[in-house]
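Inside the fold
The lines below spell out each chain.
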Amino acid sequence: MCQVEEDYHEPLQRADPLSVSKKCVKCKEGTAAVVIRAGDAFCRVCFKEYFIHKFRAMLGKNRVIFPGEKVLLAVSGGASSCSMLRQVQEGLSQNAHKKLRFSPGIVFIDEGGAVGQAVEDRRRAAAELQAVFTATGLPFVTVPLEEVLDLPSSVLAAASLVASGTGAYKAAVGDFVRSGAAGCRTSLDPERRAPADVQESRTRSLQQLIGSAKTLTAREDLLSTLRQHLLVHTARSEGYSKVMLGDNCTRLAIKLLTSISLGRGAQLAQDTGFSDSRYGDILLVRPMRDYSAKEIAYYNRLFGVPSVFIPGLETKATDKSSIQRLTESFVTKLQADFPSTVSTIYRTSEKLQTACRSSSTADLCDRCLLCMCALDTAAENASAFKATLISEQLSQAQAAGDTSVVTPAPKEHESAAAIGKRCTSGAEDCGNAASGEGCCSSAKGAESSDLRSLLCYSCQLTIRDMSSVERLPHYILSEAQRRQRRSQMREEIGEFLLDAAD
Amino acid sequence: MHLGGAELLFNGVKKHHVDLPSQSEPWDVKQLLVWIQRNLLRERPELFVQGDSVRPGILVLINDADWELMGELDYQLQDQDNVVFISTLHGG
C-alpha cells in the first residue's frame, strides 16, 4: 500500500522478450506467425479467425446496425479502412457464417488538394482505389475535399435524433427475416468525380483555407472537421443513415490523449466511442476500434488486403510539429516497451460517457458550430474556464493601454504581433459586440470574436490559430450569422416568451 | 525487401532486391539496418531507425512472420529471406 516512507525498489515491469516458442498458443499445432498483445503467438489460421470474429463481435455487441440498413463506409485508402472494407465484404459473402445483413456503400474523400499533392498523383491514387472498390462490387463514390466549399449550411443543423430502444433491434431483425431478406445490393450508381474535374481555383481556395491556420495542430483539426462535415453531407444526400469509420485502437488511443491536450475533454466519449450521435440522423460508428495497428497491418499483409498510401498533412512531419504528432510518438514509443499501453488507454475510453445535460433535440445554439458537440463553455463563476477568460481580459486591457476593454476590430490589428488581439469580452458579451459597435465592423462576415460564442472550447482554440476566419467555407459563416441573429432575437423578446412550465 | 508505407523515405521504391556483400559472420538484422541506412535510405533517417533498432511503430516481418518470434535484431539472415517493413504511423 502507499505509505509515506515506502520506497519502490522493484524495477517497473517490462514485457520480457518473447522466447522463440514457435507454436501457436491457441491451436498448439500451427507455426506461430504473429505476436498479438504481449506474448500470445498465433498461427495464420487462428489469427484470421480471431480477426474476423472480433469484427462480428463488435457489430453484434453494439446493436446499432439494423439489417437491411444502408451504411456508408468511409475509406481513406489507409490500412485500417481498407481492412474494414475487406471485413464487410467477407461478411456479406454468401458462405459467411452468420452473414452480415446491411447494404454498404463506399465513399473516398480525396484530400490531395488540401495537402498540396500534384494532380497526377491524386489521379493515380484515386484510380488505384477505384480499382480496389470495383473489385469489391459495392457502389462507391469519390468526393474531392474541395466540395466542402459548396456545402449547404443544413449540414450544421442537427436533425432530430432517431431514438431507438433496445427492443427495436430485435423487431427490425424479425421484420427483415420475414420480408424475405432479398439480397443486400443497393441500386445506387456510383458517381465518379475524378480529381481532374476539380477546378484549380477551388483547390487554391481550399489550400488558402487550410493555410490560414498557422499551426499544424490547428490545420489537422480543421481538416478533420471539414472531412467529417463532408462525410455527413454525402451520407445524407445519398440516403445513408450510418457511416462506418476505420479508426483503429492505436489511432483512438492517440486521439484520446490528443483530445485532452486540445481541450476536447468534454467530447471524448463521442470522439473515441463506438458510436457518435452528434449529427442526429447520421450515426458514426467505429467497428475497428478494437484492433491495434499492428494486427491490422499483419492481416493486410498476410491476406493480401490492398491499400493505397496517400500522404497527409503530417507525413514526414517531425515529432514536435503538432500536438497530434507528439502524442503519436509518445504513445508508440511507450507501447514499444510496455505493450499494454494502447489497450489500457482503450479500456479507459470505453468507460467514458457524456453526461447528458440537455435533450438531444436541444436548441441549435447549444451545439458547437464546427464540431457539433454540446457547448462546454458555460463560464460559471468558479470554473477554470472563467479564470482563463478573466486573465485574457486583463492582459488585453493592459496591452491596449487606455482604450476600453472591448478593443478595436481585429482587422486594424492584423499586423500586430499578438495573436490574441481580438474582441476579448467573454462569451456572454460577444452578443453586444456583434450588434455593431464601432469595433467589430459587423455587417460583413463574422469576425473570429463573434464565432467564439458559438464554439466549444477546443474549436475556439483552433479558430484563434487562424489568421482570418473569412476563408472559412460559406456554409459555416452563414450558419454562424444565422445563429447569432437568432440568439439576438431571443434576447430581445426573451421576457415575452412563455416557458414550457407555464 | 518490401516497404509498406515507408517507401517515401526510399525514393518511392517499394520493393528492393538486395545483395549483401559477403562477410565472415552471417548477417543479422541489426547489421542489415545499418546497411540500409547507409545504402538505401534517401532522407530523414530518424523516421526509420532509432538507435540500434527500427523506430517504434514500424513493424518488421521476416518471411511473413513477426520478427519477435525470430529473435528481433539477433536473427541471422538466410539466403532469399524476405524482409518487410510496414509503417503504422501517421507521420511517415
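- Per an unreviewed UniProt entry, chain B goes by Ubiquitin-related modifier 1 and derives from Gasterosteus aculeatus aculeatus.
- Its UniProt record gives chain B a comment under Sequence similarities (unreviewed entry), which states: "Belongs to the URM1 family."
- Entered under Subcellular location (unreviewed entry) in the UniProt record, the comment concerning chain B runs "Cytoplasm".

- Chain A has the name Cytoplasmic tRNA 2-thiolation protein 2 in an unreviewed UniProt entry, where Gasterosteus aculeatus aculeatus is given as its organism.
- Check the Subcellular location (unreviewed entry) section of the UniProt entry for chain A; it says "Cytoplasm".
- Under the Pathway (unreviewed entry) heading, UniProt states for chain A: "tRNA modification; 5-methoxycarbonylmethyl-2-thiouridine-tRNA biosynthesis."

**As for the overall build of chain B**
- Helix and strand counts for chain B stand at 1 helix and 6 strands.
- Relative to its length of 92 residues, chain B is compact, with a C-alpha radius of gyration of 12 Å against a globular reference of 12 Å.
- Expressed as a percentage of the 92 residues in chain B, the buried residues total 52%.
- Across chain B, the fraction of contacts at a sequence separation of at least 24, relative to all contacts at a separation of at least 6, is 54%.
- Charged side chains in chain B number 7 positive and 14 negative. The centres of these two groups are separated by 10 Å.

**Concerning the environment of Gly77(A)**
Residues and elements named next belong to chain A.
- Mapped onto the secondary structure, Gly77 falls in the loop between β3 (70-74) and α2 (79-92).
- Among the residues examined, Gly77 registers a relative accessible area of 0% and is labelled buried.
- Distance in space between the C-alpha atoms of Gly77 and Ser307 is 5.5 Å, their sequence separation being 230 residues.
- Ignoring sequence-local partners within four residues, the contact set of Gly77 consists of Cys82, Leu129, Ser307 and Val308.

**A closer look at the interface of chain B and chain A**
- At the junction of the two partners, chain B supplies 30 residues and chain A supplies 28 residues.
- Taking both partners together, chain B and chain A bury about 2,400 Å²; carbon and sulfur atoms supply 59% of that area.
- Put simply, chain B and chain A have 4 salt bridges between them.
- For Lys294(A), the salt bridge identified is with Glu68(B), shortest N-O distance 3.1 Å.
- Inspection of the chain B/chain A interface yields 6 residue pairs in polar contact (both at pLDDT 80 or more).
- Secondary-structure elements contributing two or more residues to the side of chain B that touches chain A are β4 (58-62), β5 (65-66) and β6 (83-87) of chain B.
- Tallying contributions element by element places β4(B) first for the side of chain B that touches chain A, with 3 residues.
- Considering only residue class, the side of chain B that touches chain A consists of 14 nonpolar, 9 polar and 7 charged.

**Structural notes on the side chain of Ser322(A)**
All names here are of chain A.
- With respect to the element layout, Ser322 can be found in the loop between α10 (293-302) and α11 (323-337).
- A residue is classified by how much of its surface remains accessible, and Ser322, at 4% relative accessible area, is buried.
- Sequence-distant contacts of Ser322, defined by excluding residues within four places in its chain, comprise Leu216, Thr217 and Glu314.

**Quick notes on the sheet that holds strand β8 (residues 283-285) of chain A**
Residues and elements named next belong to chain A.
- If you trace the 6 strands from one edge of the open sheet to the other, you get β5-β4-β3-β6-β8-β7, paired in mixed fashion. Edge positions in the sheet fall to β5 (140-144) and β7 (275-276), since each has one partner strand and no second.
- Strand direction decides the pairing type here: strand β4 (residues 103-110) and β5, joined by 5 bridges, are parallel. If you follow Val107 over to β5, its bridge partner there is Val141.
- Sheet contacts for α2: β3, β4 and β6 (242-244); angle to β3, the most-contacted strand, approximately 150 degrees.

**Here's the deal with helix α7 (residues 216-238) of chain A**
Residues and elements named next belong to chain A.
- With 23 residues, α7 extends 33 Å from end C-alpha to end C-alpha; this agrees with the ideal 33 Å at 1.5 Å per step.
- Among the 23 residues in α7, 17 count as buried, and that is most of the element.
- Following α7 by one or two positions, Gly239 has its phi on the positive side, about 85 degrees.

**Considering a nonpolar patch on the surface**
Residues and elements named next belong to chain A.
- A surface patch of nonpolar side chains, about 410 Å² in accessible area, is lined by Met489, Ile493, Phe496 and Leu497.
- Mapping Met489 onto the fold places it in helix α17 (residues 474-493).
- By relative accessible area, which is 44% here, Met489 ends up partly exposed.

**Re the packing of helix α1 (residues 44-61) of chain A against α10(A)**
All names here are of chain A.
- Contact geometry for α1 and α10: axes closest at 11 Å, N-to-C directions at 120 degrees. Compared by their axis directions, α1 and α10 come out oblique. Handedness of the α1/α10 crossing: left-handed. Where α1 approaches α10, its residues Arg44, Phe47, Lys48, Tyr50, Phe51, Ile52 and Lys54 are matched on the opposing element by Glu295, Ile296, Tyr298, Tyr299 and Leu302.
- When the residues that make up the contact of α1 with α10 are grouped by side-chain class, the tally is 8 nonpolar, no polar and 4 charged.

**Observations concerning the pattern of salt bridges**
- In total, this model carries 27 salt bridges over all chains according to the counting rule given.
- The residue Arg264(A) makes a salt bridge to Asp271(A) at a minimum N-O spacing of 2.9 Å. Accessibility assignment for this pair places Arg264(A) and Asp271(A) in one class, buried.
- A salt bridge links Asp319(A) to Arg55(B), with the shortest nitrogen-to-oxygen separation between them at 3.9 Å. Of this pair, Asp319(A) sits in the loop between α10 and α11 while Arg55(B) sits in the loop between β3 (53-54) and β4, placing the two residues on different chains.
- On the accessibility criterion, Arg55(B) (7% relative accessible area) is buried.
- Counted as one network, the salt bridges with shared partners bring together Asp247(A), Arg264(A), Asp271(A), Asp276(A), Arg278(A) and Arg286(A).

Calculation criteria
- Residues numbered from 1 in each chain as written.
- Chains lettered and ligands numbered in written order.
- Predicted model: local features only at pLDDT ≥ 70, side-chain atom pairs only at ≥ 80, totals over all residues.
- Heavy atoms only, no water.
- UniProt positions renumbered as here; feature names shortened; annotations may be inferred.
- Helix = DSSP H or I, 4+ residues; strand = E, 2+ residues; numbered from the N terminus.
- Rg over C-alpha atoms; globule rule 2.2 N^0.38 Å.
- Buried < 20%, exposed > 50% of the residue type's maximum accessible area, 1.4 Å probe, protein only.
- Contact = heavy atoms within 4.5 Å.
- Lys, Arg positive; Asp, Glu negative; His and termini not counted.
- Charge placed at Lys NZ, Arg CZ, Asp CG, Glu CD.
- Buried area = accessible area lost by both parts, 1.4 Å probe.
- Salt bridge = Lys/Arg side-chain N within 4 Å of Asp/Glu carboxyl O.
- Polar contact = N/O pair within 3.5 Å; in protein donor to acceptor, adjacent residues only side chain to side chain.
- Nonpolar A, V, L, I, M, F, W, Y, C, P; charged D, E, K, R; others polar.
- Pairing = 2+ DSSP bridges.
- Axes fitted to C-alpha atoms, helices over the stretch in contact; angles between N-to-C directions.
- Expected span 1.5 Å × (residues − 1).
- Patch = residues over 30% accessible without salt bridge, like charges linked within 9 Å, V, L, I, M, F, W, Y side chains within 5 Å.
- Areas by Shrake-Rupley, 256 points an atom, 1.4 Å probe, with all protein chains shown as cover.
- Parallel < 35°, antiparallel > 145°, perpendicular 65-115°, else oblique.
- Left-handed = near helix turned anticlockwise from the far one by under 90°.

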